[in-house]
Amino acid sequence: MADLRTLVLVLGDQLDLDAAAFDGFDADLDAVWMAEVAEESTHVWSSKPRTAMFLAAMRHFALALSAAGRPLHYTRLEATTHSGSLGAQLQADITRLRPSQLVMTAPGDWRVLQTLKSVAAANQLPLDVRVDRHFFTSIREFAAHAKGRKSLRMEYFYREQRKKHGLLMEADAPVGGQWNFDADNRESFGTNGPGTVPPRTTFEPDAITREVIELVNTRFATHPGQLDSFAWPVTREQALQSLQTFIQERLPLFGRYQDAMWPEDPWLYHSHLSAALNLKLLHPREVVAAAEAAYRNGHAPLASVEGFVRQILGWREYVRGIYWTKMPGYLERNALEAQEDLPAWYWTGATDMACLRDALTQTLKHGYANHIQRLMVTGLYALMLGVHPKQAHAWYLAVYVDAVEWVELPNTLGMSQYADGGLMGSKPYIATGKYIQRMSPHCKGCRYDPAQRSGDSACPFTTLYWDFLMRHESTLTQNPRMALQVKNVTRLTEAEKQAVRTRAAAIRQGHVP
Ligand SMILES: Cc1cc2nc3c(=O)[nH]c(=O)nc-3n(C[C@H](O)[C@H](O)[C@H](O)COP(=O)(O)OP(=O)(O)OC[C@H]3O[C@@H](n4cnc5c(N)ncnc54)[C@H](O)[C@@H]3O)c2cc1C
Ligand code: SF4
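Residues numbered from 1 in each chain as written. Chains lettered and ligands numbered in written order. Predicted model: local features only at pLDDT ≥ 70, side-chain atom pairs only at ≥ 80, totals over all residues. Heavy atoms only, no water.

The sheet built from five strands is open, its strands ordered 3-2-1-4-5 with parallel pairing. Edge positions in the open sheet fall to strand 3 (72-75) and strand 5 (127-130), since each of these has one partner strand only. The average angle at which neighbouring strand axes cross in this sheet is 25°, direction not considered. Here strand 2 (residues 30-35) runs beside strand 3; their pairing, made up of four bridges, is parallel. Bridge pairing in strand 3 places V32 opposite L72. Along the sheet face, helix 2 (residues 48-67) touches strand 2 and strand 3 and points at about 160° away from the line of strand 3. (Pairing = 2+ DSSP bridges. Helix = DSSP H or I, 4+ residues; strand = E, 2+ residues; numbered from the N terminus. Axes fitted to C-alpha atoms, helices over the stretch in contact; angles between N-to-C directions. Contact = heavy atoms within 4.5 Å.)

With that out of the way, let us pick up the packing of aromatic side chains. What the rule picks out here adds up to 25 aromatic pairs. Through successive ring pairs, a cluster of aromatic residues spans W345, Y346, Y381, W395, Y396, Y400 and F461. Geometry around Y400 places R374 over its ring, the cationic atom sitting 4.0 Å from the centre. (Phe/Tyr/Trp six-rings, centres within 6.5 Å; stacked < 30°, edge-to-face > 60°. Lys NZ or Arg CZ within 6 Å of the ring centre and 35° of its normal.)

Residues in a regular strand point their side chains to alternate faces of the sheet. Taken together, the four bridges between strand 4 (residues 99-105) and strand 5 define a ladder with parallel strand orientation. Paired with V103 across the two strands is D128, which belongs to strand 5.

As a further point, take the site of ligand 2. Within the structure, ligand 2 sits among M353, A354, C355, G433, I436, H442, C443, C446, Y448, P450, C459 and F461. A class-by-class count of the residues in the shell around ligand 2 yields 10 nonpolar, two polar and no charged. (Near = heavy atom within 4 Å. Nonpolar A, V, L, I, M, F, W, Y, C, P; charged D, E, K, R; others polar.)

With that out of the way, let us pick up the packing of helix 13 (residues 371-385) against helix 15 (residues 405-416). In the contact formed by helix 13 and helix 15, the axes pass within 10 Å of each other and the chain directions differ by 55°. With respect to helix 15, the element helix 13 is oriented oblique. With respect to the hand of their crossing, helix 13 and helix 15 are arranged in right-handed fashion. Between helix 13, through H371, L375, G379 and L383, and helix 15, the contact on the second element is made entirely by N411, M415 and S416. (Parallel < 35°, antiparallel > 145°, perpendicular 65-115°, else oblique. Left-handed = near helix turned anticlockwise from the far one by under 90°.)

What is shown is where atoms sit, not what they do.
Below, the structure is given as structure tokens:
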């Protein structure tokens, strides 16, 4: 005889009281199950900020469940009865609680879904995996969109979403007569810098979060990153406050400075809402609605609001569709046959390259870097160096507080490393150091020169850009969007090409710090 009707499984990125898993929940018959497991911090070398973010938010969510009167079986990381892994802990609790069925909202990680399915099967228990209605688009709907298309492009998917959900629309047309305001959204801060940017919204750790910080500092002492300035929103109330201040203070200039960088300031006009969204403390519908309202009431310009909505309604949904329709094979892709190791200094920030040092230091300090730092600094360097995509993936999944595999993997392997051969983006994002020089003042304080492609003071980005074009010339010439860039290689003399190769080899051997 079963003792419990339903055990509702809630994972660390499913912290939503209104999730589908709770539909029909009866506190007299059912209970919630949550477990903190070290495995989630060790299967990639998870940074301290990332682990603390998940554990602090989970412990606060446990309080919200109690306040809502939902019985909860919660295993803490330090519990003496802990079984070690997610699967083993669930097995132990099934044996103890004897539920007659398991229910959950679809998880964000293919590996975790396989683990839970196998525990359910081993116990001959039905596992009801419900559609995650947090998202605008279900996987089934995405698969229908993708079916029969030779190539997938985010832009077409995004336009469909705008029409379907009536967002930023005037009848059947986009407001302002344009779908895309990218051309208005590419400014740098110029020599005067960003001036006074409204500070990011921070939250002083409360007793629960302080306890988590202590636990993480002890238990994961050798893991990368620091917790001295941990100030992320870890409750729904805090997440809503972050949303409100973003809309009020930073959204109006979000678009214009979306691609800009400034030393020692990753926050700028970005929203810093990705972790709150991915842990489900915030709903994308409420985020997008708040942004649209800011446009409609004249608080923020259309180019900014459209640029922001595109990230959430477009990219965020699109990458999730790619992940779930292409896994598990997607993880194995390596279209450019990249085999290099990720430099060890990605885990410490110890490099002389000013732009990389800045992005890596902030990443380790806060568990955050903005999109352009991830794509056009850390990602760009790994791509052009030829780092194995799985190593790049393991790093990105480990270091950011917003990292969950469904969103991290397509961004890393697809958008940034071009390892999917063009599924996510139509061409590899490659650039010389001059791109970084245009978008930031980093090069002024760097020992390298972005205009040099070979020699001792050559910027490694510039060297690796030319080396990349030469190494992949035959593949890239087949891509019409790369034709112009590849053609430039033919202008180099044989001696110039050799000088680039020599310098690139020195970089790969670690002789260029
Ligand atoms: C190599 C690489 C790895 C990444 N890994 C992650 C990750 O693990 N988790 C994650 O949430 N995002 C990831 N991104 C996407 C993006 O960089 C982050 O969402 C963004 O930097 C988070 O900061 P923000 O909240 O201030 O975003 P903002 O710049 O304020 O953007 C608003 C929101 O749009 C969404 N968004 C923006 N760009 C993307 C995108 N490309 N894909 C999906 N959603 C997007 C996020 O929810 C974000 O909060 C990655 C990008 C790259 C290039
Ligand atoms: S010179 Fe090159 S390495 Fe140095 S900051 Fe500029 S782009 Fe980065």
